[in-house]
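Working through the structure, step by step
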Amino acid sequence: QVQLVESGGGLVQAGGSLRLSCATSGTRFNFRRMGWYRQAPEKQRELVATISSGGSTNYADSVKGRFTISRDAAENTVYLQMNSLKPEDTADYYCNSRSWAGTDYWGKGTLVTVSS
């Protein structure tokens with residue numbers, strides 16, 4: 001059973017930084033793609049960033065140049081470094097893993113709140 005556990009969320013002032021972590025278990029970290037999504041109140045969940053098994057990354061336009069996704073295969077962990085945070089980045093952030101069979105796994109989320 002694949003499990004994803006996010007951590008690192010919290011309250012930060014605009015312009016500040018946070019680093020989210022997603023620890024995986026129940027897998028050998030063999031995935032097609034992993035990523036971070038977010039959902040703000042009364043809005044749909046949206047993609048923030050992804051990283052493929054080959055290391056290719058993809059970002060939403062709204063976070064390009066501010067957020068960086070990375071992984072540590074030895075630690076079975078995926079990170080999201082968030083810099084220059086804005087109030088509009090406030091949301092629940094979810095870790096996602098997509099298997100080679102196309103199955104999506106989700107963490108329970110971690111809340112990021114950016115004050116103005």
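Everything here concerns the structure above.
Calculation notes
Residues numbered from 1 in each chain as written. Predicted model: local features only at pLDDT ≥ 70, side-chain atom pairs only at ≥ 80, totals over all residues. Heavy atoms only, no water. Pairing = 2+ DSSP bridges. Helix = DSSP H or I, 4+ residues; strand = E, 2+ residues; numbered from the N terminus. Axes fitted to C-alpha atoms, helices over the stretch in contact; angles between N-to-C directions. Buried < 20%, exposed > 50% of the residue type's maximum accessible area, 1.4 Å probe, protein only. Phe/Tyr/Trp six-rings, centres within 6.5 Å; stacked < 30°, edge-to-face > 60°. Lys NZ or Arg CZ within 6 Å of the ring centre and 35° of its normal. Contact = heavy atoms within 4.5 Å. Polar contact = N/O pair within 3.5 Å; in protein donor to acceptor, adjacent residues only side chain to side chain.

Our next topic: the sheet that holds strand β1 (residues 3-7). Strand pairing in a sheet relies on backbone hydrogen bonds, with the paired strands running either antiparallel or parallel. Taken together, four strands build an open sheet; the order of strands is β1-β3-β8-β7 and the sheet is antiparallel. Two strands bound the open sheet, and with one partner strand each, they are β1 and β7 (67-72). Here the strands of the sheet are splayed against their neighbours by 15° on average, with no regard to which way each runs. By the bridge criterion, six bridges tie strand β3 (residues 18-25) to strand β8 (residues 77-82) in an arrangement that is antiparallel. The partner of serine 21 across the bridge, within β8, is tyrosine 79.

Of the two faces of β1, the one lined by Leu4 and Glu6 is fully buried and the one lined by Gln3, Val5 and Ser7 carries no buried residue. Bridge analysis of β1 against β3 gives five bridges, and the strand direction is antiparallel. Each residue of the ladder has a partner; that of glutamate 6, found in β3, is cysteine 22.

Next up on the list: the packing of aromatic side chains. Within the structure shown, the criterion is met by one aromatic pair. Note on tyrosine 37 and tryptophan 106: the rings are 5.0 Å apart at their centroids and 70° apart in plane angle, and the pair reads as edge-to-face. Taken as a pair, tyrosine 37 in strand β4 (residues 33-39) and tryptophan 106 in strand β10 (residues 104-106) lie far apart in primary sequence, 69 residues in all. The exposure class of tyrosine 37 is buried, given its relative accessible area of 13%. The aromatic ring of tryptophan 106 is capped on one face by arginine 45, whose charged end is 4.7 Å from the ring centroid.

One non-glycine residue, glutamate 42, lies in the positive phi region at around 60°. With respect to the secondary-structure elements, glutamate 42 resides in the loop between β4 and β5 (46-52). At serine 84, a residue that is not glycine, the phi angle is positive and equals roughly 50°. Relative to the helices and strands, serine 84 resides in the loop between β8 and β9 (91-98).

Note on placement: serine 99 falls in the loop between β9 and β10. Using a relative accessible area of 16% as the deciding quantity, one classes serine 99 as buried. Excluding residues within four positions of it along the chain, serine 99 makes contact with Arg32 and Tyr105.

Glancing now at the environment of glutamine 39. Looking at where glutamine 39 falls in the secondary structure, it is placed in strand β4. On the basis of relative accessible area, glutamine 39 is assigned to the partly exposed category, the value being 28%. Sequence spacing of glutamine 39 and aspartate 89 is 50 residues, and the spatial spacing of their C-alpha atoms is 9.5 Å. Here glutamine 39 is in contact with Gln44, Arg45, Ala91, Asp92 and Tyr94, once residues within four sequence places are set aside. A polar contact is formed between the side chain of glutamine 39 and the backbone oxygen of lysine 43, at a distance of 3.0 Å.

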